[in-house]
Amino acid sequence: MTQSYHRPDPTGPIPLFVRVGEHVLALGHGVDPTWLARELGATAREGAVPVVDHGPVDEAGDRPLVLDYGDGYDPADLPRPAAPGMVVESGAPPRRQRVATHAVVFDPSGERVLLTALWDDFTETEFWNWPGGGVDPGETFAEALAREVWEETGHDLLEAVPLAVRSWTGTGRRSDGAEEDFHGISLVWAGRVATVHEPVVHDVGGSTTRAAWVPVSDPRVSASIERNADDLRRARAVMGD
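Report on the accompanying structure. (Residues numbered from 1 in each chain as written. Predicted model: local features only at pLDDT ≥ 70, side-chain atom pairs only at ≥ 80, totals over all residues. Heavy atoms only, no water.)

Here we look at the sheet that holds strand E3 (residues 51-54)
Okay, step 1: With respect to topology, four strands assemble into an open sheet ordered E2-E1-E4-E3, the strand pairing being mixed. Pairing within the sheet leaves two strands with one partner each, and these edge strands are strand E2 (23-26) and E3. Pairs of neighbouring strands in the sheet enclose a mean axial angle of 30 degrees, with direction left out of account.
Okay, step 2: Pairing of strand E1 (residues 16-20) with strand E4 (residues 65-68) involves four bridges; the strand directions are parallel. (Pairing = 2+ DSSP bridges. Helix = DSSP H or I, 4+ residues; strand = E, 2+ residues; numbered from the N terminus. Axes fitted to C-alpha atoms, helices over the stretch in contact; angles between N-to-C directions.)

What about the nonpolar core?
Okay, step 1: Core analysis: the largest hydrophobic core is formed by 29 residues, its most contacted members being Leu 16, Val 18, Leu 27, Tyr 69, Val 99 and Phe 141.
Okay, step 2: Of all the secondary-structure elements, those providing two or more residues to this core are E1, helix H1 (33-39), E4, strand E5 (95-106), helix H2 (141-153) and strand E10 (179-193).
Okay, step 3: Both domains that meet at this core, namely domain 1 (16-77) and domain 2 (95-239), each give it at least three residues.
Okay, step 4: Judged by nonpolar contacts, the second largest core, of 17 residues, contains Val 113, Trp 130, Ala 190 and Val 221. (Core = buried A, V, L, I, M, F, W, Y, C linked by side-chain atoms within 4.5 Å. Buried < 20%, exposed > 50% of the residue type's maximum accessible area, 1.4 Å probe, protein only. Domains from an automatic or database assignment.)

Things to note about the side chain of Arg 166
Okay, step 1: For Arg 166, the location among the structural elements is in strand E9 (residues 157-173).
Okay, step 2: Side chain to side chain, Arg 166 and Asp 230 meet in a polar contact 3.2 Å long.
Okay, step 3: Beyond its immediate sequence surroundings of up to four residues, Arg 166 is in contact with Asp 77, Gly 184, Ile 185, Ser 186, Val 188, Arg 227, Asp 230, Asp 231 and Arg 234. (Polar contact = N/O pair within 3.5 Å; in protein donor to acceptor, adjacent residues only side chain to side chain. Contact = heavy atoms within 4.5 Å.)

Regarding the environment of Ala 194
Okay, step 1: One can find Ala 194 in the loop between E10 and strand E11 (208-215).
Okay, step 2: Residues Ala 194 and Asp 107 lie 87 residues apart in sequence; the distance between their C-alpha atoms is 7.4 Å.
Okay, step 3: When near neighbours in sequence (up to four residues on either side) are disregarded, Ala 194 contacts Pro 108, Asp 156 and Leu 158.

Describing the pairing of E10
Okay, step 1: Across the 15 residues of E10, 14 count as buried, placing the element largely inside the fold.
Okay, step 2: Here 12 bridges tie E5 to E10, and the two strands are oriented parallel to one another. Along E10, the bridge assignment pairs Val 104 with Ala 190.
Okay, step 3: Looking at chain direction, E9 and E10 are connected through 15 bridges and run antiparallel. Paired with Ala 160 across the two strands is Gly 191, which belongs to E10.

Details of the side chain of Thr 153
Okay, step 1: Locating Thr 153 in the fold gives a position in helix H2.
Okay, step 2: Among the residues examined, Thr 153 registers a relative accessible area of 0% and is labelled buried.
Okay, step 3: In this structure the side chain of Thr 153 is engaged in a polar contact, spanning 2.6 Å, whose partner is the backbone oxygen of Val 149.
Okay, step 4: If near-sequence neighbours (up to four positions away) are discounted, Thr 153 is found in contact with Leu 114, Thr 116, Pro 131, His 197, Pro 199, Val 200 and Ala 211.

Points about the packing of aromatic side chains
Okay, step 1: Considering all chains together, one arrives at zero aromatic pairs under this definition.
Okay, step 2: Directly above the ring of Trp 128 sits Arg 220, whose terminal nitrogen or CZ lies 4.8 Å from the centroid. (Phe/Tyr/Trp six-rings, centres within 6.5 Å; stacked < 30°, edge-to-face > 60°. Lys NZ or Arg CZ within 6 Å of the ring centre and 35° of its normal.)

Some words on the pattern of salt bridges
Okay, step 1: According to the stated counting rule, one finds 20 salt bridges in the structure shown.
Okay, step 2: With its nearest N and O atoms 2.5 Å apart, the salt bridge here joins Asp 230 to Arg 233. Residue Asp 230 and its partner Arg 233 are located together in helix H4 (residues 228-239), separated by three residues, close to a single helical turn.
Okay, step 3: Looking at Asp 230, the relative accessible area reads 15%, which means it is buried.
Okay, step 4: Each of the salt bridges in this network shares a partner with another, and the network as a whole consists of Asp 74, Asp 77, Arg 166, Asp 230, Asp 231, Arg 233 and Arg 234. (Salt bridge = Lys/Arg side-chain N within 4 Å of Asp/Glu carboxyl O.)

Structure (structure tokens):
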């Protein structure tokens, strides 16, 4: 298999590609990128993180995002349970794949992290997560991360390094009540800000309702998303905190 960045649907969203050596595949709906890297022959290596790259300009004039697993994959990042995705039955709701980026952002002391609160209109519940969001067309992962952190918290990143790739699937309802078959992928980073102030949500009307600096031991870190505890552990090791 040679390198090919063919866009399966020229009218659809820009796909995310997974690369291992000369093997390149667009990430299909519901397929976990770490699982795909393993299937393409990537070597299992604890602590491995894919290299963020871009493919050549395609027929639509876009540069696709690429996760390069040439240095291997971390077995801890394989999906739980170990399945590439969902079985989609005939007549299933419309599919939507969203590529995003998030960050574990520390203050200069390394003892506090930024969290953002998001409101789910359908379930009428609030949950906490790392700051971040979707990658807009034409953006790199790093550009999207810097924009999202500023929009959701009002902070500028001093530094950030890729940490892990997360993938999740599920069938549910959007905020407008419509049912959808959703596949989310996020490149998680470890980052730090130079100065700390009271967080400000600039993206008024978006999904983020508020943001806060919390101690790394705050239960909200992993109360809503269990895997955030692992992200925090890795981020502290990477940043030396």
